[in-house]
Amino acid sequence: MPGSTFGNLFRVTTFGESHGGAVGVVVDGVTPGLELEPADIQRELDRRKPGQSDVTTPRKETDEVHILSGIFEGKTTGTPVLCILYNKDMRPEAYDDIKNLFRPGHADFTYFEKYGIRDYRGSGRASGRETAARVAAGAIAKKLLSRRGVTIIAYTLRAAQVGCTNIDYDEIERNPMRAPDREAAAKMVERVKALAEAGDSTGGIVECVVKGVQPGLGDPVFEKLDAEIARGMLSLGAVKGIEFGAGFSAADMRGSEHNDWRESGGFLTNNAGGVLGGISTGQDIVFRIVVKPTSSVAVVQKTIDIEGNDREIRTEGRHDPCICPRIIPVVEAMVAIILEDQYKRQAALHA
Ligand SMILES: Cc1cc2nc3c(=O)[nH]c(=O)nc-3n(C[C@H](O)[C@H](O)[C@H](O)COP(=O)(O)O)c2cc1C
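Residues numbered from 1 in each chain as written. Predicted model: local features only at pLDDT ≥ 70, side-chain atom pairs only at ≥ 80, totals over all residues. Heavy atoms only, no water.

**So, the overall build of the protein**
If you tally the helices and strands in the protein, you get 7 helices and 18 strands. Taken over the C-alpha trace, the protein has a radius of gyration of 21 Å; the compact-globule value for 351 residues is 20 Å, and the two agree within 12%. Taken along the three principal axes of its C-alpha coordinates, the protein extends 65 × 50 × 40 Å. Buried positions account for 50% of the 351 residues belonging to the protein. Across the protein, the fraction of contacts at a sequence separation of at least 24, relative to all contacts at a separation of at least 6, is 70%. Total accessible area on the protein is roughly 16,600 Å²; 52% of this is exposed by carbon and sulfur atoms. Distance between charge centres in the protein, computed from 44 positive and 49 negative side chains, equals 1 Å. (Helix = DSSP H or I, 4+ residues; strand = E, 2+ residues; numbered from the N terminus. Rg over C-alpha atoms; globule rule 2.2 N^0.38 Å. Buried < 20%, exposed > 50% of the residue type's maximum accessible area, 1.4 Å probe, protein only. Contact = heavy atoms within 4.5 Å. Areas by Shrake-Rupley, 256 points an atom, 1.4 Å probe, with all protein chains shown as cover. Lys, Arg positive; Asp, Glu negative; His and termini not counted. Charge placed at Lys NZ, Arg CZ, Asp CG, Glu CD.)

Okay, here's the thing in structure tokens:
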């Protein structure tokens, strides 16, 4: 399907649907000689997989990765790496009630308009499950980037109308919301659980900080670094917006206030979010995405069927009441894919 490939010199193609045989990814452009074992990828997949807590879907996908190519004696060979995750715990019958209805807020209607046919079982390509393939590719990119001294950290900054006031990176993986503030996380969990019990859902804001990026990455003009990151983020289901650095608050700032002043020791602020003119400054790259409330809710809503008749819909089933905790490893993976590509492009420019 056109539109399933991302990147230039580090190129990722994902395939598969949530209720087909498997989801997977072909990663081309992996540097040869990288030590890589399934456990490197599995670790990241386990952070994304469903059923981790009662603020995520109780689906029990094992998400076990199999690497079918591109590796010899524990090292990458430079040829395409194919990672595959066979689908298990599928319950297509759970979608029987809605197979002729369009879920409000989901991609059912637009897929039907586009293709004239739709895999209604678990949303096909529009399923969050597609992102498992990106996480597998991202794990490889992360490993390559760690050799370059780059680290990527994402976390829930806000969810269920509760915002973090404290940022403690050590706290992130200790709570089910992946929030960097223990007290805020506890309040988020309480509210998400209450919403889930009421059959509803909530959204939030995920922040991502990338450290150790060299200055000079990104291409003028259509492939600016921030434009590439925005494209990658908006290619994720449920992501409705992105801001870098000071972001939308720049609207109320003065130029002298927003400009990041410099001294010989470095930048004094980072309102740009680490990118100027589409090229990395060498500061942390900082951005935030808004994650919409999960559309599949068990509240009665108005919709139409495939013949255009007025209908009511109530989406039962095992959905994430808040997508933030599970999208975090996906955000990190997508940024890693983009940055590894950018590093390779910068090396090619100076070759
Ligand atoms: C990790 C992840 C998990 C998701 N889980 C669900 C889910 O359980 N139920 C649901 O309706 N949508 C879920 N989504 C969101 C849908 O994939 C998304 O809303 C849908 O494809 C429509 O795209 P749009 O929201 O970007 O317009 C998830 C997305 C991600 C990235």
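That covers the picture; the talk isn't over yet.
**Section: the nonpolar core**
Judged by nonpolar contacts, the single largest core of 79 residues is most densely connected at Ile140, Met233, Phe287, Val331 and Leu339. In terms of residue count, helix H7 (residues 324–349) provides more of this core than any other element does, 13 residues in total. With near-sequence residues (within four places) excluded, Phe287 lies in contact with Val206, Glu207, Cys208, Ile229, Met233, Ile242, Glu243, Phe244, Val331 and Val335. (Core = buried A, V, L, I, M, F, W, Y, C linked by side-chain atoms within 4.5 Å.)

**Comments concerning H7**
In this model, H7 (26 residues) spans 37 Å end to end at C-alpha, consistent with the 38 Å of a helix rising 1.5 Å per residue. Most of H7 sits inside the fold, with 23 of its 26 residues counted as buried. (Expected span 1.5 Å × (residues − 1).)

**Topic: the site of the ligand**
If you check the shell around the ligand, you find 16 residues, and the closest are Ala126, Lys292, Ser296, His319 and Asp320. Here an oxygen atom of the ligand sits 2.7 Å away from a polar atom, N or O, in the main chain of Ala126. Ala238 is positioned such that a nitrogen or oxygen atom in its backbone is 2.9 Å from an oxygen atom of the ligand. In isolation the ligand has 630 Å² of accessible area, and contact with the protein removes 88% of it. Taken together, the residues of the shell around the ligand sort by class into 4 nonpolar, 8 polar and 4 charged. (Near = heavy atom within 4 Å. Polar contact = N/O pair within 3.5 Å; in protein donor to acceptor, adjacent residues only side chain to side chain. Nonpolar A, V, L, I, M, F, W, Y, C, P; charged D, E, K, R; others polar.)

**Remarks on the packing of helix H3 (residues 130–146) against H7**
Look at H3 against H7: their axes get within 7 Å of each other, and the N-to-C directions meet at 50 degrees. Of the possible angle classes, the one that applies to H3 and H7 is oblique. Remark: the crossing between H3 and H7 carries left-handed chirality. Judged by residue contacts, Thr131, Arg134, Val135, Ala137, Gly138, Ala141, Lys142, Leu144 and Leu145 of H3 engage Pro329, Val330, Glu332, Ala333, Met334, Ala336, Ile337, Leu339, Glu340, Tyr343 and Lys344 from H7. Partitioning the contact of H3 with H7 into residue classes produces 13 nonpolar, 2 polar and 5 charged. (Axes fitted to C-alpha atoms, helices over the stretch in contact; angles between N-to-C directions. Parallel < 35°, antiparallel > 145°, perpendicular 65-115°, else oblique. Left-handed = near helix turned anticlockwise from the far one by under 90°.)

**Brief notes about unusual backbone geometry**
Cis geometry is found at the peptide bond from Pro220 to Val221, where omega equals -10 degrees. With respect to the helices, strands and loops of the structure, Val221 is situated in the loop between strand S10 (204–211) and helix H5 (225–234). Here Ala238, not a glycine, exhibits a phi torsion of approximately 80 degrees, which is positive. Residue position: Ala238 is located in the loop between H5 and strand S11 (239–244).

**Describing the confidence of the model for the protein**
Taken residue by residue, the protein gives an average pLDDT of 96. The fraction at 70 or more is 100%. The lowest-confidence element of the protein is helix H2 (residues 108–115), averaging 94 in pLDDT; the highest-confidence one is strand S16 (residues 285–291), averaging 99. (pLDDT = per-residue confidence, 0-100.)

**Regarding the sheet that holds strand S2 (residues 11–16)**
Spatial ordering of the open sheet is given by S1-S2-S3-S7-S4, a layout of 5 strands whose pairing is antiparallel. One side of each edge strand has no neighbouring strand; the edge strands of this open sheet are strand S1 (5–6) and strand S4 (66–67). Inspection of the sheet shows S1 paired to S2 by 2 bridges, in the antiparallel sense. When the bridges of S2 are listed, Thr5 appears paired with Thr13. (Pairing = 2+ DSSP bridges.)

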